[in-house]
Amino acid sequence: METIDAIILGIIQGLTEFLPVSSSGHLEIAKALLGDHSVPEESLLFTVVLHFATALSTMVIFRKDIFLLIKGALKFEWNEDLQFITKIVISMIPAVIIGLFFEKQLESLFDGNILLVGAMLIVTSVLLFLADKAKDTEKPVTFKNAFIIGVSQAIAMLPGISRSGATISTSVLLGNDKTKAARFSFLMVVPLIFGKIAKDILGGELNLANTDITALSAGFIAAFVCGLFACTWMISLVKKSKLSYFAIYCAIVGFIAIGYTVLN
């Protein structure tokens, strides 16, 4: 993989991990438009590195929150911090089930099915539009909410459904505070990413042979820096109810993708 390709993929990963536009959907569209060989295929190692970079950027942005959560949990009391961590664990259950038992079926959907991507982008658009119009509250995420948001995160494994868009929208539509919804959405994915990394390492699936360290490092830095920017920006947009811009964007891209499929 060329260094410039690694940087481009790093930028895409860093931005779309947090902005509600679906990184998987955009990559499938790019493959269809440019050809499978025009977009470099990400090795498992490179994918893991990029996801680690965005997880790390999340931890940097929420470092104070994470420190307080750990500090509170170490008191071994049923306090707000331990309850929040428990909610994170509950939210992971649907995605873990899908990842463990339906991985092959899920992978089969990433075969250039642009019609599916377009339809799912429109679904993302509707969710964002509804969430943008929802009234802001001070209601925190409940245990029941955590599981429902986790279901939306599992559904967001489909190409074209934005993970951040689906989870934040679901949380807001459940009546949760928008800032708390964004915080929960970004923190809930961190343990999943580290869990996936651990699974791949322990399973011996990472191939270190013929690895271009320069390209790998460039992709990591690009994803990390863009992740810092996108995460901060997304939190601000949610607070200001600016998700409608992304709703319009996803709808336009979705209809173009469907039109492209029909005409070809």
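Residues numbered from 1 in each chain as written. Predicted model: local features only at pLDDT ≥ 70, side-chain atom pairs only at ≥ 80, totals over all residues. Heavy atoms only, no water.

A.B. asks: Please clarify how the overall build of the protein should be interpreted in this entry.
C.D. replies: When you go through the protein residue by residue, the secondary structure sums to 13 helices and 0 strands. Beginning at the N terminus, the succession of helices and strands in the protein can be written as α-α-α-α-α-α-α-α-α-α-α-α-α. For 264 residues, the compact-globule formula gives about 18 Å, and the C-alpha radius of gyration of the protein, at 18 Å, lands near that figure. Over its C-alpha atoms, taken along the principal directions, the protein stretches across nearly 55 × 40 × 35 Å. For the protein, the residues scored as buried account for 44% of the 264 residues in total. Restricting to contacts in the protein with at least 6 residues of sequence separation, those with at least 24 account for 84%. A total of about 13,300 Å² of accessible surface is found on the protein, and carbon and sulfur atoms cover 70% of it. Taken as two groups, the 20 positive and 21 negative side-chain charges of the protein have centres that lie 13 Å from each other. (Helix = DSSP H or I, 4+ residues; strand = E, 2+ residues; numbered from the N terminus. Rg over C-alpha atoms; globule rule 2.2 N^0.38 Å. Buried < 20%, exposed > 50% of the residue type's maximum accessible area, 1.4 Å probe, protein only. Contact = heavy atoms within 4.5 Å. Areas by Shrake-Rupley, 256 points an atom, 1.4 Å probe, with all protein chains shown as cover. Lys, Arg positive; Asp, Glu negative; His and termini not counted. Charge placed at Lys NZ, Arg CZ, Asp CG, Glu CD.)

A.B. asks: Whenever I open this one, the pattern of salt bridges confuses me. Can you help?
C.D. replies: Once their charged atoms are close, side chains differing in charge can pair, the charge on each being opposite to the other. Evaluated as defined, the whole model comprises 2 salt bridges. In this structure, Asp-65 engages Arg-183 in a salt bridge whose closest nitrogen and oxygen atoms are separated by 2.7 Å. Placement of the pair is Asp-65 in helix α4 (residues 63–73) and Arg-183 in helix α10 (residues 178–188), with a sequence separation of 118 residues. (Salt bridge = Lys/Arg side-chain N within 4 Å of Asp/Glu carboxyl O.)

A.B. asks: Sorry if this is basic, but what is going on with the layout of surface pockets here?
C.D. replies: Where empty space is left in the structure can be found by rolling a water-sized probe over the atoms. Approximately 300 Å³ is the volume found for the second largest pocket. Taken together, 14 residues form the lining of the second largest pocket, with Glu-80, Phe-84, Lys-87, Pro-140 and Arg-183 sitting closest to its centre. At the level of elements, α4, α5 (80–101) and α10 are the ones that each hand at least two residues to the lining of the second largest pocket. Looking at the lining of the second largest pocket element by element, the count peaks at 5 residues for α5. (1 Å grid on protein atoms, 1.4 Å probe; cavity = no way out; pocket = protein on both sides within 12 Å on 5 of 7 lines; lining within 4 Å. Points joined across faces, edges and corners; volume = space filled by probe spheres on them.)

A.B. asks: What is the right way to look at the nonpolar core in this model?
C.D. replies: It is characteristic of soluble globular proteins that their nonpolar side chains tend to be buried jointly. Core analysis: the biggest nonpolar cluster contains 40 residues, and Ile-29, Ile-88, Ile-168, Phe-184, Phe-186 and Met-234 have the highest contact counts within it. When contributions to this core are tallied by element, the ones reaching two or more residues are α5, α7 (114–133), α8 (143–155), α9 (163–173), α10, α12 (213–239) and α13 (244–263). (Core = buried A, V, L, I, M, F, W, Y, C linked by side-chain atoms within 4.5 Å.)

A.B. asks: Mind showing me how you'd approach the packing of aromatic side chains here?
C.D. replies: To describe a pair of aromatic rings, you give the distance between the ring centres and the angle between the ring planes. Here the structure, examined in full by the defined rule, presents 9 aromatic pairs. With centroids separated by 6.1 Å and ring planes inclined at 5°, the aromatic side chains of Trp-78 and Phe-143 adopt a geometry described as stacked. Remark: Phe-143 occurs in helix α8 and Trp-78 occurs in the loop between α4 and α5; sequence separation between them is 65 residues. You can call Trp-78 exposed: its relative accessible area is 55%. (Phe/Tyr/Trp six-rings, centres within 6.5 Å; stacked < 30°, edge-to-face > 60°.)

A.B. asks: Honestly, the packing of α7 against α13 in this entry has me stumped. Any pointers?
C.D. replies: Two quantities define a packed helix pair, namely the angle between the helix axes and the distance between the axes. Where α7 meets α13, the closest approach of the two axes is 7 Å, and the angle between their N-to-C directions is 160°. By the criterion of interaxial angle, the relationship of α7 to α13 is roughly antiparallel. Relative to α13, the crossing made by α7 is left-handed. Along the contact surface, α7 presents Ile-114, Leu-115, Gly-118, Ala-119, Leu-121, Ile-122, Thr-124, Ser-125, Leu-128, Phe-129 and Asp-132, while α13 presents Ser-244, Phe-246, Ala-247, Ile-248, Cys-250, Ala-251, Val-253, Gly-254, Phe-255, Ala-257, Ile-258 and Thr-261. Across the contact of α7 with α13, the residue classes break down as 16 nonpolar, 6 polar and 1 charged. (Axes fitted to C-alpha atoms, helices over the stretch in contact; angles between N-to-C directions. Parallel < 35°, antiparallel > 145°, perpendicular 65-115°, else oblique. Left-handed = near helix turned anticlockwise from the far one by under 90°. Nonpolar A, V, L, I, M, F, W, Y, C, P; charged D, E, K, R; others polar.)

A.B. asks: How should unusual backbone geometry be read in this particular structure?
C.D. replies: Where the residue is not glycine, phi is negative for most of them; where a peptide bond is considered, it is trans in most cases. Phi is positive for Phe-76, which is not a glycine, with a value near 55°. Residue placement: Phe-76 occurs in the loop between α4 and α5. The class for Phe-76 is exposed, based on a relative accessible area of 71%.

A.B. asks: Looking at this structure, how should I read the environment of Ala-222?
C.D. replies: By the element assignment, Ala-222 lies in helix α12. Expressed as a C-alpha distance, the spacing of Ala-222 and Ala-53, which sit 169 residues apart in the sequence, is 8.6 Å.

A.B. asks: Help me understand the packing of α5 against α8 in this model?
C.D. replies: Between α5 and α8, the shortest axis-to-axis distance is 8 Å and the interhelical angle comes to 35°. Note that α5 runs across α8; the crossing there is right-handed. Of α8, the residues touching α5 (which contributes Gln-83, Thr-86, Lys-87, Ile-90, Ser-91, Ile-93, Pro-94, Ala-95 and Ile-98) are Phe-143, Ala-146, Phe-147, Gly-150, Val-151, Gln-153 and Ala-154. When the residues that make up the contact of α5 with α8 are grouped by side-chain class, the tally is 10 nonpolar, 5 polar and 1 charged.

A.B. asks: Is there a simple way to explain helix α1 (residues 3–16) in this structure?
C.D. replies: Residues spaced three or four apart along an α-helix point in a common direction, a consequence of the helix completing one turn every 3.6 residues. For α1, with 14 residues, the first-to-last C-alpha span of 20 Å sits near the 20 Å given by 1.5 Å per residue. Buried residues of α1: Ala-6, Leu-9, Gly-10, Gln-13, Gly-14 and Thr-16, and no others. (Expected span 1.5 Å × (residues − 1).)

A.B. asks: When you look at α4 in this model, what are you seeing that I'm missing?
C.D. replies: Within the sequence span of α4, burial applies to Leu-69, Gly-72 and Ala-73. Around the axis of α4, the buried residues are gathered within 95° of arc, so they sit on the same side. Those residues of α4 that are exposed and aimed more than 90 degrees away from the buried face are Arg-63, Lys-64 and Phe-67. On its buried side, α4 packs onto α5 and α10. (Arc of directions from axis to C-beta.)

A.B. asks: It is not clear to me how the state of the cysteines should be interpreted in this structure. Could you clarify?
C.D. replies: The bond known as a disulfide is covalent and runs between the sulfur atoms of two cysteines. This model, assessed by the stated rule, comprises 0 disulfides. Here Cys-250 stays free of any disulfide, with the sulfur of Cys-231 as its closest cysteine sulfur at 18 Å. The exposure class assigned to Cys-250 is buried, which follows from its relative accessible area of 0%. (Disulfide = S-S within 2.5 Å.)

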